Amino acid sequence: MRRSVIVSGGAGYVGSHACKALAAAGFIPVTLDNLSVGRPDAVRWGPLEIGDILDSVRVREVVAAHRPIAVLHFAALALVGESVEDPAPYWQTNVTGTVNLLDACRSSGVGSFVLSSTCAVYGVPEVMPIRETTPEDPVNPYGATKLAAEWASAHYCEAYGLKAARLRYFNAAGADPVGEIGETRDRETHLIPLALDAVLGRRPALKIMGADYPTKDGTAVRDYVHVSDLADAHVAALRHLLDGGQSFTANLGTGIGHSVQSVVETVERVTGRPVPREVVGRRPGDPPTLVADPSFARRLLGIDFGLSVSLDDIVETAWRWRSGHERGRSAASVPAVQSATEARCSP
């Protein structure tokens with residue numbers, strides 16, 4: 001029985017954790033990555049095929065060569081501010097790239113497709129927690145392009161018999177508990193690694209974007225979900241489709257909100273060191289609170305999102321990775337932070 005699964009973006013943060021989870025479940029993850037952001041040393045559980053999802057010929061070639069039973073699609077551009085300043089690459093990569101993968105599935109008879117999506121498709125919801133029935137209303141090109149990718153997958157399902165799982169992340173955080181892989185980028189934007197880098201002296205003081213939100217301590221509140229739970233959710237979604245389940249869309253979060261200030265305090269508690277920080281003005285468009293209702297995903301996928309992994313656990317795994325495996329990286333190698341609120345909810 002064929003067990004290969006194409007994983008676009010498998011050299012990246014969430015994608016590499018998903019590859020490890022796939023291998024543990026008995027699948028063979030085949031990473032397709034252009035290595036623009038992903039790292040080849042994160043590809044440990046299956047072969048690496050270097051290629052860009054915008055190269056439709058290369059995508060079809062890889063799919064045809066490995067004859068996978070499914071495609072897990074992580075490859076995307078995911079910076080909100082950049083998407084506003086230069087939206088063209090976002091529409092090309094996040095939409096055209098997704099269509100190229102869907103076309104390769106269609107031409108090769110691949111029947112299951114798992115799409116990494118984002119809570120940014122909801123924009124600035126008026127009601128919390130966010131359910132799958134919350135209206136989609138993205139407020140930036142990143143969210144809009146990910147919603148368009150979801151629509152493309154839905155249309156292919158309706159017309160060509162493909163089945164798809166659309167998984168909307170909230171804030172991916174943490175690292176592999178046994179320390180084999182973690183969060184490593186030259187251009188870091190996520191709050192927890194930024195705070196840890198500030199602790200380690202690798203960059204200037206952490207910039208907290210706004211302390212005047214209508215929240216308990218004035219800083220923005222977000223839903224942080226451990227990356228290993230996200231990886232397990234992708235495997236569970238794949239099994240659901242392979243076992244005959246229908247296409248679905250699900251929020252992947254914990255249902256628990258943590259403010260930026262509380263995250264910083266957790267980093268200080270776990271590391272035993274102060275986090276150098278300064279409060280600056282809000283970033284335009286950042287909502288005060290983004291928290292998932294994960295009940296549907298919990299029921300369907302059997303993942304307990306946040307019930308067994310606390311924020312302290314998330315920070316502890318990130319700290320072990322950042323302080324150990326990342327030793328030797330300097331602040332000079334990592335550009336200055338633009339945001340510490342993680343409103344993008346990206347993969």
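Because the structure is predicted, anything quoted here is derived from the model rather than measured. (Residues numbered from 1 in each chain as written. Predicted model: local features only at pLDDT ≥ 70, side-chain atom pairs only at ≥ 80, totals over all residues. Heavy atoms only, no water.)

**As for the overall build of the chain**
We apply this condition: The secondary structure listing takes helices from DSSP runs of H or I that are at least 4 residues long and strands from runs of E that are at least 2 residues long, numbered from the N terminus. Remark: exposure states derive from per-residue accessible area (1.4 Å probe, protein chains only) relative to the maximum for the residue type, with buried under 20%, exposed over 50%, and partly exposed in between. Any pair of residues with heavy atoms lying within 4.5 Å of one another is described as a contacting pair. Values of accessible area rely on a 1.4 Å probe in the Shrake-Rupley scheme; residue burial ignores everything except the protein chains shown.
Counting secondary structure elements, the chain contains 10 helices and 13 strands. Once the C-alpha set of the chain is aligned to its principal axes, its extents read approximately 55 × 45 × 40 Å. Evaluated residue by residue, the chain yields a buried proportion of 59% over its 347 residues. Restricting the contact set of the chain to residue pairs at least 6 apart, pairs at least 24 apart contribute 79%. When the accessible surface of the chain is totalled, it reaches about 13,200 Å², and 53% of it is carbon and sulfur.

**Some words on the environment of aspartate 186**
Residue position: aspartate 186 is located in the loop between β7 (171–173) and α6 (191–199). Residues aspartate 186 and valine 37, spaced 149 residues apart in sequence, show a C-alpha to C-alpha distance of 7.9 Å.

**So, the packing of aromatic side chains**
Quick note on the threshold: In this scheme Phe, Tyr and Trp rings, the latter by its six-membered ring, pair at centre separations within 6.5 Å, and the angle between planes marks the pair as stacked below 30 degrees, edge-to-face above 60, and tilted otherwise.
In the structure shown here, the tally under the stated rule is 2 aromatic pairs. Measuring from ring centre to ring centre gives 5.1 Å for tyrosine 156 and tyrosine 160, while their planes differ by 65 degrees; the resulting arrangement is edge-to-face. Taken together, the positions of tyrosine 156 and tyrosine 160, both in helix α5 (residues 141–160) and 4 residues apart, correspond to about one turn of that helix. Residue tyrosine 156 is classed as buried on the basis of its relative accessible area, which comes to 15%.

**As for the environment of leucine 290**
Along the chain, leucine 290 turns up in strand β13 (residues 289–290). The buried category is assigned to leucine 290, whose relative accessible area is 2%. Between the C-alpha atom of leucine 290 and that of valine 275, which follows or precedes it by 15 residues, the distance is 24 Å.

**Remarks on the state of the cysteines**
Formally, a disulfide is one covalent bond, and it connects the sulfur atom of one cysteine to the sulfur atom of another. Test applied: Note that a disulfide, as used here, is simply two cysteine sulfur atoms within 2.5 Å.
Per the counting criterion, the structure on display carries 0 disulfides. Between cysteine 19, a free cysteine, and cysteine 105, which holds the nearest cysteine sulfur, the sulfur-to-sulfur gap is 16 Å. Of all cysteine sulfurs in the structure, the one in cysteine 157 sits closest to cysteine 105, which takes part in no disulfide; the separation is 9.9 Å.

**Digging into the sheet that holds strand β1 (residues 4–8)**
What counts here: Two strands make a pair as long as DSSP finds a minimum of two bridges between them. What counts as an axis is a line fitted to C-alpha atoms, over the stretch in contact for a helix, and the angles between N-to-C directions run from 0 to 180 degrees.
Strand order in the open sheet formed by 7 strands is β3-β2-β1-β4-β5-β6-β10, and the pairing between neighbours is parallel. Each end of this open sheet is capped by a strand with a single partner; those strands are β3 (48–50) and β10 (248–252). Across the sheet, the axes of successive neighbouring strands diverge by a mean angle of 20 degrees, strand direction being ignored. Where strand β2 (residues 28–33) lies against β3, 3 bridges are found, and the strand directions are parallel. Looking at β3, one finds that aspartate 33 is bridged to isoleucine 50.

**Structural notes on the nonpolar core**
What counts, and what does not: Put simply, buried Ala, Val, Leu, Ile, Met, Phe, Trp, Tyr and Cys residues joined by side-chain atoms within 4.5 Å make one nonpolar core.
Core analysis: the biggest nonpolar cluster contains 35 residues, and Val5, Leu167, Leu252 and Leu301 have the highest contact counts within it. Residue assignment for this core shows that the elements contributing at least two residues are β1, α1 (13–24), β4 (70–73), β6 (163–169), α7 (227–242), β10 and α9 (295–301). The element best represented in this core is α7, accounting for 9 residues. Setting aside residues no more than four positions away along its own chain, leucine 301 makes contact with Ala233, Ala236, Ala237, Phe248 and Leu252.

**Topic: the pairing of β1**
Along a regular strand, successive side chains alternate from one face of the sheet to the other. Most of β1 is tucked away: 5 of the 5 residues are buried. Side-chain alternation along β1 places Ser4, Ile6 and Ser8 on one buried face and Val5 and Val7 on a second face that is also buried. In terms of strand pairing, β1 meets β2 through 5 bridges, oriented parallel. Residue pairing across strands places valine 7 opposite threonine 31, the latter belonging to β2. Alignment of β1 against β4, held across 4 bridges, turns out to be parallel.

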